[in-house]
Amino acid sequence: MFVQSLHLTQFRNYLDQSITFEQPKLILVGDNAQGKSNFLEALQLLATGRSQRANRDRELIQQGSDQGRVLAQVERREGRVELELILRATGHRTARLNGVTQPRIGNLLGQLNTVFFSSWDLDLVRGNPQQRRSWLDGILVQLEPIYAQLSDQYQQVLHQRNSLLKQIPPVPDHELALWDEQLARHGTRVIRRRRRLLTRLAPLATHWQSVISGGNETLQLSYQSRIPDQGDDPLQIEQQFREQLAQKQAAERYQGLSLVGPHRDEVEFILGETPARLYGSQGQQRTLVLALKLAELELLEQVNQQPPLLLLDDVLAELDLKRQNQLLGTIGERVQTFVTTTHLGSFERGWLKSAQVYQVNAGSLQEVS
Amino acid sequence: MYTRPLARLIDQLQRLPGIGPKTAQRLAFYLLKRPKQETLQLAQSLIDATEQIGVCRQCFTLSAEDPCDICSNPNRELSQVCVVAEPRDVIAMERTREYKGRYHVLGGLLSPMEGIGPEQLKVKELVQRVNRDEVGEVIMAINPSVEGETTILYVGKLLKPFTKVTRLASGLPMGGDLEYADEMTLARALEDRRELI
Ligand SMILES: Nc1ncnc2c1ncn2[C@@H]1O[C@H](COP(=O)(O)OP(=O)(O)OP(=O)(O)O)[C@@H](O)[C@H]1O
Ligand SMILES: [Mg+2]
Ligand SMILES: [Zn+2]
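Here the structure is a predicted model, which means the values were calculated and not measured.

1. Some points on the overall build of chain B
Stage number 1. Looking only at helices and strands, chain B has 7 helices and 7 strands in total.
Stage number 2. Along chain B, helices (α) and strands (β) appear in the sequence α-α-α-β-β-β-α-β-α-β-α-β-α-β when read from the amino end.
Stage number 3. Classification of the 197 residues of chain B by burial places 44% in the buried group.
Stage number 4. Within chain B, counting contacts between residues at least 6 apart in sequence, those at least 24 apart form 56% of the total.

In structure tokens, the structure reads:
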């Protein structure tokens, strides 16, 4: 797929910025805090409905305004679509597809796919579990848009159950049981999809890992959960979920917190026999992250039968020349790629080929010729 | 800034849902500009509504009569009860003109975050009613939100030993409000309701 144009209105530090893309690559160069990441964030928002950095829409809307907008024309294999998302300070959103207001925001998802790779992701392997969970979730909402709803519903059940656990005097068992059942039911939907995703990513990631490292260690992506993995049968998973809840009930009541479920789950990357988080060198961990991102790209491409966009935020300069070239060779001119950097000199000249280069300055873009 | 009664009026209006300070001010000035008679009529209907409308002690909907029109209508099936969250959902169901049974208003949905547990809902009363009136079917017409689903689960379990419990077929927007579902959707959901397992 190819984004033909992007129009930002009162979004972050962009007041009214429109840009047309003519080349497979766009390079945004500029000093710190000028709006490079903000630009990529807008694309990520259209693809996933969320931003990695913002907790509330208010942060995305230009200070002093009560509404902001992101609009993109996307050329897909199936034809052209116009995606429009209106954000309001109240948190209320409006989504339009080809100018038609959608009854659900979720209808926007699945139209634009992105792989977001930022310097922050370099910590994916050893960073906190939350980071790995949101990595999985960001891919899942693009593969099956209904996942956004399923995961929101799970969060809602979780909040409700947590406030029940905090109640004084303690809530009677039969009332807690009601929310246990809901947690297990909604949690199972999330767990199954995350496991399924890891199963599909694993062979792709293993392949890229060996291409990049030149080695042949096997890579396993293992979903770590209190709920044992014994197949994909939802009823069985729910059953095991409830068993774990029963086991942990005393602790949960004591802490006033739900301790079992996908919000506590984790991904472990195992290289050969050893967990990469503990034993991988920094270089190995970076190779691994690159392999994971390439696997993500390949999976989205397979499923949608067209390549997603690749958003490289401040990360290129962090990769050595060999890895930069591997990445460049893989995406070629097939994958529309957006790169941000503070210095053009920090990466291979090859990246400047078939690229539009823009200077970003305090929320305005200026083409560099 | 405002003369005292005006300030009080604006303050009161501002407490209404969806009304900010600007709108409150506009409404207040508008009310005072209208013929005095009309504004007094509005005030009187507020007083009447507040004083005369209470709760039907059978179905717990808002009503000036007790029992309400529906509960006292002999043509409405006694053996079929439609369970809804709020009085406004009764109106939504009535608009379909498809439903010939009675209602039971729970007065909310289970939501620990808002401090709403089974005690806060008219659930005990529902169980009593089902037994007393030998109700043959209870239809749960409740939004399929997380709180709605949990409430359906709860009420369904309680009533299972006594009667058949069905729920509206989904087709209702997920997390959507009954109130906003159009009549056609609701009528179809009523026809396609299925038994709770
Ligand atoms: N809601 C907002 N309204 C106005 N300006 C904002 C808003 N949110 C962020 N900004 C501004 O955007 C700038 C940060 O933009 P961004 O994160 O894109 O920087 P960057 O160019 O990627 O910098 P770096 O090279 O440090 O990563 C800051 O100047 C910040 O004040
Ligand atoms: Mg940045
Ligand atoms: Zn009544």
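2. Regarding the environment of G256(A)
Residues and elements named next belong to chain A.
Stage number 1. Among the secondary structure elements, G256 is positioned in the loop between α6 (234-255) and β10 (266-271).
Stage number 2. When the C-alpha positions of G256 and L164 are compared, they lie 8.1 Å apart, and in sequence the two are 92 residues distant.
Stage number 3. Beyond its immediate stretch of four places on either side in the chain, G256 contacts N162, L165 and K166.

3. So, the coordination of the zinc ion (ligand 3)
All names here are of chain B.
Stage number 1. Looking at the zinc ion (ligand 3), one finds its protein donor set to be C56 (SG), C59 (SG), C68 (SG) and C71 (SG), positioned 2.3 Å from the metal centre.
Stage number 2. Every donor counted, the 4 donor atoms about the zinc ion (ligand 3) form angles of 105 to 116 degrees at the centre, which fits tetrahedral coordination.
Stage number 3. Written as a sequence motif, the donor arrangement for the zinc ion (ligand 3) is C-x2-C-x8-C-x2-C. You can see C56 sitting in the loop between β1 (54-55) and β2 (62-63) and its partner C68 sitting in the loop between β2 and β3 (80-84), a full 12 residues away along the chain.
Stage number 4. Since its relative accessible area comes to 0%, C56 is described here as buried.
Stage number 5. C68 gets classed as buried once you look at its relative accessible area, which sits at 5%.

4. Details of helix α3 (residues 129-143) of chain A
Stage number 1. A rise of 1.5 Å per residue sets the reference length of α3(A), with its 15 residues, at 21 Å; its end C-alpha atoms lie 21 Å apart and thus fit the reference within 8%.
Stage number 2. Within the span of α3(A), buried status applies to Q131(A), R132(A), R133(A), W135(A), L136(A), D137(A), I139(A), L140(A), V141(A) and Q142(A).

5. Some details on unusual backbone geometry
Stage number 1. Note the cis peptide between I168(A) and P169(A), where omega equals -5 degrees.
Stage number 2. Residues other than glycine seldom take positive phi values, yet E134(B) does so here, at roughly 50 degrees.
Stage number 3. Examined against the element boundaries, E134(B) turns out to sit in the loop between α5 (123-132) and β5 (137-140).
Stage number 4. Judged by its relative accessible area of 66%, E134(B) falls in the exposed class.

6. Quick notes on the state of the cysteines
Residues and elements named next belong to chain B.
Stage number 1. In the structure shown here, the tally under the stated rule is 0 disulfides over all chains.
Stage number 2. Not engaged in a disulfide, the cysteine C82 finds its nearest cysteine sulfur in C59; these two sulfurs lie 11 Å apart.
Stage number 3. For C82, a relative accessible area of 0% gives the class buried.

7. Observations concerning the side chain of R93(A)
Residues and elements named next belong to chain A.
Stage number 1. For R93, the position within the fold is in the loop between β5 (79-88) and β6 (94-97).
Stage number 2. Here the side chain of R93 touches D57 through a polar contact of 2.7 Å, side chain to side chain.
Stage number 3. When near neighbours in sequence (up to four residues on either side) are disregarded, R93 contacts L45, G49, D57, L85, I86, L87, R88 and I105.

8. Things to note about the interface of chain A and chain B
Stage number 1. Taken together, the contact pairs 17 residues of chain A with 14 residues of chain B.
Stage number 2. Both sides of the chain A and chain B interface together cover about 1500 Å² of buried area, and 64% of this is carbon and sulfur.
Stage number 3. Put simply, chain A and chain B have 1 salt bridge between them.
Stage number 4. Residues E181(A) and K157(B) are paired through a salt bridge, measuring 2.7 Å at the closest nitrogen-oxygen approach.
Stage number 5. Counting every contact that joins chain A to chain B gives 7 residue pairs in polar contact (both at pLDDT 80 or more).
Stage number 6. Of all the secondary-structure elements, those providing two or more residues to the side of chain A that touches chain B are α4 (146-165) and α5 (173-213) of chain A.
Stage number 7. Counting residues per element, the side of chain A that touches chain B draws most heavily on α4(A), which supplies 9 residues.
Stage number 8. Residue composition of the side of chain A that touches chain B, by class: 5 nonpolar, 9 polar and 3 charged.

9. Quick notes on the site of ligand 1
Residue and element names in this part refer to chain A.
Stage number 1. If you check the shell around ligand 1, you find 16 residues, and the closest are A33, K36, S37, N38 and I61.
Stage number 2. Within the backbone of Q63, one N or O atom sits 3.0 Å away from a nitrogen atom of ligand 1.
Stage number 3. Considered on its own, ligand 1 offers 650 Å² of accessible surface; in the complex 74% of this is hidden by protein.
Stage number 4. Sort the elements by how many residues they give to the shell around ligand 1 and helix α1 (residues 36-48) lands first, with 3 residues.
Stage number 5. Counted by class, the shell around ligand 1 contains 2 nonpolar, 8 polar and 6 charged residues.

10. Remarks on helix α6 (residues 146-159) of chain B
Stage number 1. Taking 1.5 Å of rise per residue, the 14 residues of α6(B) would be expected to cover 20 Å, and the 20 Å separating its terminal C-alpha atoms lies within 8% of that figure.
Stage number 2. By the criterion of burial, α6(B) is predominantly enclosed, with 12 of the 14 residues buried.
Stage number 3. All of the buried residues in α6(B) are V146(B), E147(B), G148(B), E149(B), T150(B), T151(B), I152(B), L153(B), Y154(B), V155(B), G156(B) and L159(B).
Stage number 4. Buried-residue contacts for α6(B) involve α4 and α5 of chain A together with α5, β5 and β6 (164-167) of chain B.

11. Things to note about the packing of aromatic side chains
Residues and elements named next belong to chain A.
Stage number 1. Counted under the stated rule, the structure contains 7 aromatic pairs over all chains.
Stage number 2. Ring centres of F21 and F39 lie 6.4 Å apart, and the angle between their planes is 85 degrees; this geometry places the pair in the edge-to-face category. In this pair, F21 sits in the loop between β2 (14-20) and β3 (25-29) while F39 sits in helix α1, placing the two residues 18 residues apart along the sequence.
Stage number 3. Centre to centre, the rings of F21 and F338 are 5.1 Å apart; their planes meet at 85 degrees, and the pair counts as edge-to-face.

12. Overview of the sheet that holds β10(A)
All names here are of chain A.
Stage number 1. A sheet is described by the order of its strands in space; here 3 strands give the open sequence β9-β10-β11, paired in antiparallel fashion. Edge positions in the sheet fall to β9 (219-224) and β11 (274-275), since each has one partner strand and no second.
Stage number 2. Here β10 pairs with β11 via 2 bridges, running antiparallel. Within the sheet, the bridge partner assigned to L271 lies in β11 and is T274.
Stage number 3. Sheet strands in contact with α5 are β9 and β10, and its direction is about 165 degrees off that of β9.

13. What about the nonpolar core?
Residue and element names in this part refer to chain A.
Stage number 1. With 94 residues, the main nonpolar core has W135, L221, F241, F269, L312, L327 and W351 as its most contacted residues.
Stage number 2. Residue contributions to this core peak at 15 residues, all from α5.
Stage number 3. Ignoring sequence-local partners within four residues, the contact set of W351 consists of K25, I27, L312, L316, Q324, L327, L328, I331, T337 and V339.
Stage number 4. By size, the runner-up hydrophobic cluster in this structure holds 38 residues, among which are F11, A42, L60 and V81.

14. Comments concerning a nonpolar patch on the surface
Stage number 1. The grouping of I53(B), V55(B) and L62(B) at the surface amounts to a nonpolar patch, some 260 Å² of accessible area in total.
Stage number 2. Structurally, I53(B) is set in the loop between α3 (36-52) and β1.

Procedures and definitions
- Residues numbered from 1 in each chain as written.
- Chains lettered and ligands numbered in written order.
- Predicted model: local features only at pLDDT ≥ 70, side-chain atom pairs only at ≥ 80, totals over all residues.
- Heavy atoms only, no water.
- Helix = DSSP H or I, 4+ residues; strand = E, 2+ residues; numbered from the N terminus.
- Buried < 20%, exposed > 50% of the residue type's maximum accessible area, 1.4 Å probe, protein only.
- Contact = heavy atoms within 4.5 Å.
- Donors = N, O, S within 2.8 Å, 3.2 Å for Na, K, Ca; no water.
- Tetrahedral: all angles 85-135°; square planar, octahedral: opposite > 155°, others 65-115°.
- Expected span 1.5 Å × (residues − 1).
- Disulfide = S-S within 2.5 Å.
- Polar contact = N/O pair within 3.5 Å; in protein donor to acceptor, adjacent residues only side chain to side chain.
- Buried area = accessible area lost by both parts, 1.4 Å probe.
- Salt bridge = Lys/Arg side-chain N within 4 Å of Asp/Glu carboxyl O.
- Nonpolar A, V, L, I, M, F, W, Y, C, P; charged D, E, K, R; others polar.
- Near = heavy atom within 4 Å.
- Areas by Shrake-Rupley, 256 points an atom, 1.4 Å probe, with all protein chains shown as cover.
- Phe/Tyr/Trp six-rings, centres within 6.5 Å; stacked < 30°, edge-to-face > 60°.
- Pairing = 2+ DSSP bridges.
- Axes fitted to C-alpha atoms, helices over the stretch in contact; angles between N-to-C directions.
- Core = buried A, V, L, I, M, F, W, Y, C linked by side-chain atoms within 4.5 Å.
- Patch = residues over 30% accessible without salt bridge, like charges linked within 9 Å, V, L, I, M, F, W, Y side chains within 5 Å.

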